[in-house]
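What the coordinates show
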Amino acid sequence: MKTRTYKATGEEISLLGLGCMRLPLAEPGKPAIDEEKAMELVDIAYKGGINYYDTAWFYHERTSESFMGRALSRYPRDSFKLATKMPVSILEKAEDVPAIFAKQLENLQTDHFDFYLCHALNASNFEKMESMGVYEFLKQKKDEGIIKQLGFSFHDSADVLRTICDAHEWDFAQIQLNYLDWEMQDSAGQYKVLEEHGIPVIIMEPVRGGTLADLGEEANAVLKAAHPDWSIASWALRYAASLPAVMTVLSGMSNNDQLLDNLGTFESFEPLSEADQAVLAEALAIFRRNTFVPCTSCRYCSECPQSIDIPTVFKRYNSYMLHKNAEIFKKNLEKLDEGCRPADCIGCGLCESMCPQHIAIPAKMQEIAAL
Ligand code: SF4
Ligand code: SF4
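Residues numbered from 1 in each chain as written. Chains lettered and ligands numbered in written order. Predicted model: local features only at pLDDT ≥ 70, side-chain atom pairs only at ≥ 80, totals over all residues. Heavy atoms only, no water.

1. Some thoughts on the side chain of Arg22
For clarity, the cut-off: Here a helix means four or more residues in a row that DSSP labels H or I, a strand means two or more in a row labelled E, and each is numbered from the N terminus. Pairs of N or O atoms are called polar contacts if they sit within 3.5 Å, as long as, within protein, a hydrogen donor faces a hydrogen acceptor (for residues adjacent in sequence, only side-chain-to-side-chain pairs). Whether two residues are in contact is decided by their heavy atoms: any pair within 4.5 Å suffices.
Within the secondary structure, Arg22 is located in the loop between strand E3 (16-19) and helix H1 (35-47). Here Glu205 takes part through its side chain, which lies 3.0 Å from a polar atom of the side chain of Arg22. Other than its neighbours up to four places away in sequence, Arg22 contacts His60, Glu205, Gly209, Gly252, Met253, Ser254, Thr296, Ser297 and Cys298.

2. Focus on unusual backbone geometry
Applied cut-off: Burial classes follow relative accessibility: with a 1.4 Å probe on protein chains only, a residue under 20% of its type's maximum area counts as buried, one over 50% as exposed, and anything between as partly exposed.
You will see that Glu61, though not glycine, has its phi angle at about 45°, which is positive. Among the secondary structure elements, Glu61 is positioned in helix H2 (residues 59-62). What makes Glu61 partly exposed here is its relative accessible area of 48%. Phi at Arg62 takes a positive value of approximately 70°, unusual for a residue other than glycine.

3. As for the packing of aromatic side chains
The following threshold applies: In summary, the pairing rule links any two rings of Phe, Tyr or Trp, Trp by its six-membered ring, whose centres are within 6.5 Å, and it sorts them by plane angle into stacked for under 30 degrees, edge-to-face for over 60 and tilted for everything else.
Evaluation of the coordinates by the stated rule reveals 20 aromatic pairs. Judged by centre distance (5.9 Å) and plane angle (80°), the rings of Tyr179 and Tyr239 are edge-to-face. Residue Tyr179 is found in the loop between strand E8 (172-176) and helix H8 (181-184), and its partner Tyr239 is found in helix H11 (residues 232-241); the two are separated by 60 residues along the sequence. The same class applies to Tyr179 as to Tyr239, namely buried. Seen in terms of ring centroids, Trp182 and Tyr239 are 6.2 Å apart; in terms of plane orientation they differ by 85°. Their pairing is edge-to-face. Note that Trp182 is positioned in helix H8 and Tyr239 in helix H11, a separation of 57 residues in sequence. One aromatic cluster is present, formed by Tyr6, Tyr52, Phe115 and Phe172 through successive ring pairs.

4. What to know about the side chain of Glu205
Following the sequence through the fold, Glu205 ends up in the loop between strand E9 (201-204) and helix H10 (217-226). Looking at Glu205, the relative accessible area reads 10%, which means it is buried. Within the structure, the side chain of Glu205 is placed 3.4 Å from the side chain of Thr296, a separation counted as a polar contact. Setting aside its immediate chain neighbours within four residues, Glu205 contacts Met21, Arg22, Gln176, Leu177, Asn178, Leu250 and Thr296.

5. Considerations on the domain arrangement of the protein
Worth spelling out the cut-off: Domain borders in the structure are assigned automatically or taken from a domain database. As used here, buried area is the combined drop in accessible area, with a 1.4 Å probe, of two parts when they are placed together. The term salt bridge refers to a pairing of a side-chain nitrogen on Lys or Arg with a carboxyl oxygen on Asp or Glu at a separation within 4 Å.
For the protein, the assigned domains are domain 1 (3-288) and domain 2 (310-370). Just the C-alpha atoms count here: the centres of domain 1 and domain 2 sit 26 Å apart. Listed as interface residues are eight residues of domain 1 and, on the opposing side, four residues of domain 2. Area buried by domain 1 at its contact with domain 2 is led by His155, Gln185 and Asp214, which between them contribute 47% of it. Our count for the contact surface shared by domain 1 and domain 2 stands at zero salt bridges.

6. A short note on empty space enclosed by the protein
This is how the line gets drawn: Residues are said to line a cavity or pocket when one of their atoms sits within 4 Å of a point; the points come from a 1 Å grid over protein atoms alone, cavities being sets where a 1.4 Å probe fits but cannot get out and pockets being open sets with protein on both sides within 12 Å along at least five of seven lines. Grid points are joined across faces, edges and corners, and a volume is the space filled by probe spheres set on the points. Three categories are distinguished: nonpolar for Ala, Val, Leu, Ile, Met, Phe, Trp, Tyr, Cys and Pro, charged for Asp, Glu, Lys and Arg, and polar for the others, with Gly belonging to the last.
Applying the stated criterion to the full structure yields three cavities of 30 Å³ or more. In terms of residue class, the lining of the largest cavity is built from ten nonpolar, two polar and no charged. There is about 80 Å³ of room inside the second largest cavity. Around the second largest cavity sit 14 residues that line it, and Cys295, Cys298, Cys301, Cys355 and Ile361 are the ones nearest its centre.

7. So, the pattern of salt bridges
According to the stated counting rule, one finds 17 salt bridges in the structure shown. A salt bridge links Arg162 to Glu196; the shortest N-O distance between them is 3.1 Å. Of this pair, Arg162 sits in helix H7 (residues 158-167) while Glu196 sits in helix H9 (residues 187-197), and the two are 34 residues apart along the sequence. Relative accessible area serves as the criterion here: at 33%, Arg162 is assigned to the partly exposed category. Judged by its relative accessible area of 47%, Glu196 is partly exposed. Residues Lys330 and Glu334 are paired through a salt bridge, measuring 3.3 Å at the closest nitrogen-oxygen approach. Of this pair, Lys330 and Glu334 both sit in helix H15 (residues 326-334), four residues apart, which is roughly one turn of that helix. In this structure Lys330 comes out as partly exposed when scored by relative accessible area, which is 49%. The exposure class assigned to Glu334 is partly exposed, which follows from its relative accessible area of 43%. Members of the salt-bridge network, linked through shared partners, are Arg162, Lys192 and Glu196.

Here it is, written out as C-alpha cells:
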C-alpha cells in the first residue's frame, strides 16, 4: 500500500482510505449493514494496508460508527487512524455538541479521534457552527488530546472555502474531487484554496458514488485501449491520488471485489503521466456527451415522505442514459415499490434542500416519470 507522510506528525497514512458510508448492506436499498460481510471487508482492508477509516454520525442511518467501533476494536488502537464528524446540520443547540461528541467516543469504543471533522460545511452550516461555538469546543478537545487533528468536510464554492480556511486554524480538509467535478463543481478552485493555505487534502467521492466506474461502452474502450489491465474505477482513484497535496483518497467500497481492485491500484501506484491525462480527457469528453444526474448516493435525501429511493432512481436513470436500453429502464423502475416511484413525487422539495450536489430532484423526478 502506498502511503503519504502527514507532515504535522510525520506519520504514514495509506493513500487509500476506507469510507464507511457504503458498507455491504443486509438488503439492497435499505441502510442496515450486513455485519458479517462488512467485518470481512474491514479485515481485508486492514490486512491490505489501509490505516485510515472515515465514518460519520449520519452514515448508514447512524449505525456506521457503532459498527466501526466493533470492527476496529479487534485491532491495536495505534495501528490505524480513525476519523468521524460532528453533524453540524442537525445541531439544535450548543448543548448538542458535547452530547454527540461523547456518544461518538462510546460508539467508536475509543478515547480519542485521530482526525475529527465538522461535517458537510457550507455557508449556512458554517454560520451555524460559529453561532454555537462548535470550533471552540472541538479546539478544547484538541488541547486535551482527545482530538489529534481537527478539520472539516466541505460542499460549497471555493469562495466559501476560503472564508472557512481564513476563520480558524485547520489541520486538514476533506473535499469532493474527481475528474468530472474538477470543472463541474469547481474541485479545481477548492483544491487551489487548500493548497494555498497549506492544508492537507482528503478526497471524498473520487469515483463519484460509482458513476466513474462505468463511463459507457465508447468511453470505457478509450481507457481500456490505453491500459487494458486497469479497471475503469481505478482511473478515477489514480486521478485523485496524483495530486500532490492529497493525503488520502477515500473510497466507500461496498464489496470485496471493489476493495481488492482498489488495493491493487494502490499497491504499486504511480501518478498519471501526461499521456494518461490526455487519454482520460478524451474519455471524459465522450462521457459528457451523455446527460446524466450527478448523484453520489450519499443518501442525505432519505427522508422523502413518499419513500422514494432517490439515489436508486438516479442510478437506473444514469444507466439508461449510458446504455439507452428503455426496456430494462422501465423494468427497473417497476421494481420499485408501488407508491414510491418517480411519478409519486409530490414536489415537496425536502430532498433538494438536503442534496449536497444541488440536484433539482423534484424536476428530475417529473422528467423521469414522463420518460
Ligand atoms: S420532492 Fe419528491 S422526491 Fe423529493 S422528498 Fe419530496 S416527494 Fe420525495
Ligand atoms: S440525490 Fe443528492 S442527496 Fe440524494 S443521494 Fe443523490 S447526491 Fe445524495
